[in-house]
Amino acid sequence: WCKPAVYLYPQTKQNISVKLDPKGPLTYTIPSYPHNGWQVIAEPNGNIYEHNTLYDYLYYEAEIPDALIPQGNTGYSIAHDKLASFFDTLLPRLGLNTKEQQQFTEYWLKALPKSAYYKITLNPQQVIDDLSPLAIHPKPDAVLRVTLHFESLEKPIAIQPPVIASFVRKGFTVVEWAGMYKADKDHPFTCLQ
C-alpha cells in the first residue's frame, strides 16, 4: 500500500488523533508512528504539527497481501507519456484539491517505473476502509480516500471507465490519496504508498 498521504482540514485549530490499522505491516511512516497512533495539531489550512514540526500530510506505507486486493473490472488504459494529463483530468473529478493533485502527480510520475502503458483502476472507498481502517478523533464530517491501482502493460487494453461519485467537502474534512503498485510479481504483497 504505497504512500497514503492523509490530509486533515478541521474547522478550527485542534488536537486530532489518527490511528491506522492496515491489513499488513506498516513499513514506513512520517512522522514516526507511535503505538497509540499519531497525536497531532491541525489547522483549517491543512497544516499539521507533530512535536512542533510542520507536515503537509501524514504518510505511511504498508504491505497488503495480494489475496485481499480485489481486481477492478473498470478503469483506464493510459500510455506512460499521457499520465500527467490523465491525472490533471481525473484527480479533480475524484475530489482532490490543487495542492493534493500536485503532490499526487509529482510523487507518482517519479515512483512508477517506465512502462509503455498502465492499467489504472480505482479502489472503492469501502475496500480501502476494509484494507486499511483509519480511526480519527474527533470524527470528521467528510472523508475522501482515493487509491489508484497501477499495473504495467505492454500494449493498451479495452476497459470500461468507472462511475465516479462526486465528493463534497464539509465541516472537518479528511482526504487521503494513495496508490498501489506491485513491483515484484513473485512477491505476495502489493505496496501501498
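Residues numbered from 1 in each chain as written. Predicted model: local features only at pLDDT ≥ 70, side-chain atom pairs only at ≥ 80, totals over all residues. Heavy atoms only, no water.

**Details of the overall build of the protein**
Piece 1. A count of helices and strands for the protein gives 3 helices and 13 strands.
Piece 2. In terms of overall dimensions, the protein is globule-like: its C-alpha atoms have a radius of gyration of 16 Å, near the 16 Å expected for 193 residues.
Piece 3. Each of the 193 residues in the protein was classed as buried or not, and the buried ones make up 48%.
Piece 4. A sequence separation of at least 24 residues applies to 81% of the contacts in the protein between residues at least 6 apart.
Piece 5. For the protein, the computed accessible surface area is about 9,800 Å², with 53% contributed by carbon and sulfur atoms.
Piece 6. Measuring between centres, the 17 positive side-chain charges of the protein sit 4 Å from its 19 negative side-chain charges. (Helix = DSSP H or I, 4+ residues; strand = E, 2+ residues; numbered from the N terminus. Rg over C-alpha atoms; globule rule 2.2 N^0.38 Å. Buried < 20%, exposed > 50% of the residue type's maximum accessible area, 1.4 Å probe, protein only. Contact = heavy atoms within 4.5 Å. Areas by Shrake-Rupley, 256 points an atom, 1.4 Å probe, with all protein chains shown as cover. Lys, Arg positive; Asp, Glu negative; His and termini not counted. Charge placed at Lys NZ, Arg CZ, Asp CG, Glu CD.)

**Overview of the packing of helix 1 (residues 83-94) against helix 2 (residues 98-111)**
Two quantities define a packed helix pair, namely the angle between the helix axes and the distance between the axes.
Piece 1. Where helix 1 contacts helix 2, the axes come no closer than 10 Å and their chain directions differ by 150 degrees. Where helix 1 crosses over helix 2, the two elements pack in a sense that is right-handed. Within the contact between the two elements, helix 1 uses L83, A84, F87, L91 and P92 and helix 2 uses Q101, F104, T105, W108 and L109.
Piece 2. Counted by class, the contact of helix 1 with helix 2 contains 8 nonpolar, 2 polar and no charged residues. (Axes fitted to C-alpha atoms, helices over the stretch in contact; angles between N-to-C directions. Left-handed = near helix turned anticlockwise from the far one by under 90°. Nonpolar A, V, L, I, M, F, W, Y, C, P; charged D, E, K, R; others polar.)

**Digging into the pattern of salt bridges**
Piece 1. Under the criterion given, the structure shown has 5 salt bridges.
Piece 2. The closest approach of N and O atoms between E100 and R169, which form a salt bridge, is 2.6 Å. Note that E100 is positioned in helix 2 and R169 in the loop between strand 11 (142-153) and strand 12 (173-181), a separation of 69 residues in sequence.
Piece 3. For R169, a relative accessible area of 32% gives the class partly exposed.
Piece 4. E176 is paired through a salt bridge with R145; the nearest N and O atoms lie 2.9 Å apart. Pair noted here: E176 is in strand 12 and R145 is in strand 11, with a separation of 31 residues, a long-range link. (Salt bridge = Lys/Arg side-chain N within 4 Å of Asp/Glu carboxyl O.)

**Looking at the packing of aromatic side chains**
Piece 1. Enumeration according to the criterion identifies 16 aromatic pairs in this entry.
Piece 2. Relative to F150, the ring of F87 lies with its centre 6.2 Å away and its plane at 80 degrees, an arrangement referred to as edge-to-face. With F87 in helix 1 and F150 in strand 11, this pair connects stretches of sequence that are 63 residues apart. An identical accessibility class is assigned to F87 and F150; each is buried. (Phe/Tyr/Trp six-rings, centres within 6.5 Å; stacked < 30°, edge-to-face > 60°.)

**Some points on the pairing of strand 11**
Piece 1. In terms of burial, strand 11 is a largely internal element, 9 of the 12 residues being buried.
Piece 2. Note that strand 11 and strand 12 share 9 bridges and pair parallel. When the sheet's bridge partners are listed, A142 is paired in strand 12 with T173. (Pairing = 2+ DSSP bridges.)

**Looking at the nonpolar core**
The nonpolar side chains of a soluble globular protein tend to be buried with one another.
Piece 1. Among the nonpolar cores identified, the biggest contains 28 residues, and F87, F104, W108, I120, L148, F150 and W177 are the most heavily contacted of them.
Piece 2. With 6 residues, the single largest contributor to this core is helix 1.
Piece 3. The next biggest cluster of nonpolar side chains, apart from the first, holds 15 residues, and it includes W38, L58, I136 and V174. (Core = buried A, V, L, I, M, F, W, Y, C linked by side-chain atoms within 4.5 Å.)

**Overview of the side chain of T173**
Piece 1. Residue position: T173 is located in strand 12.
Piece 2. Within the local environment of T173, its side chain forms a polar contact with the backbone oxygen of K170, the two atoms lying 3.2 Å apart.
Piece 3. Those residues in contact with T173 that sit more than four places away from it in its chain are Y7, L8, Y9, A142 and F167. (Polar contact = N/O pair within 3.5 Å; in protein donor to acceptor, adjacent residues only side chain to side chain.)

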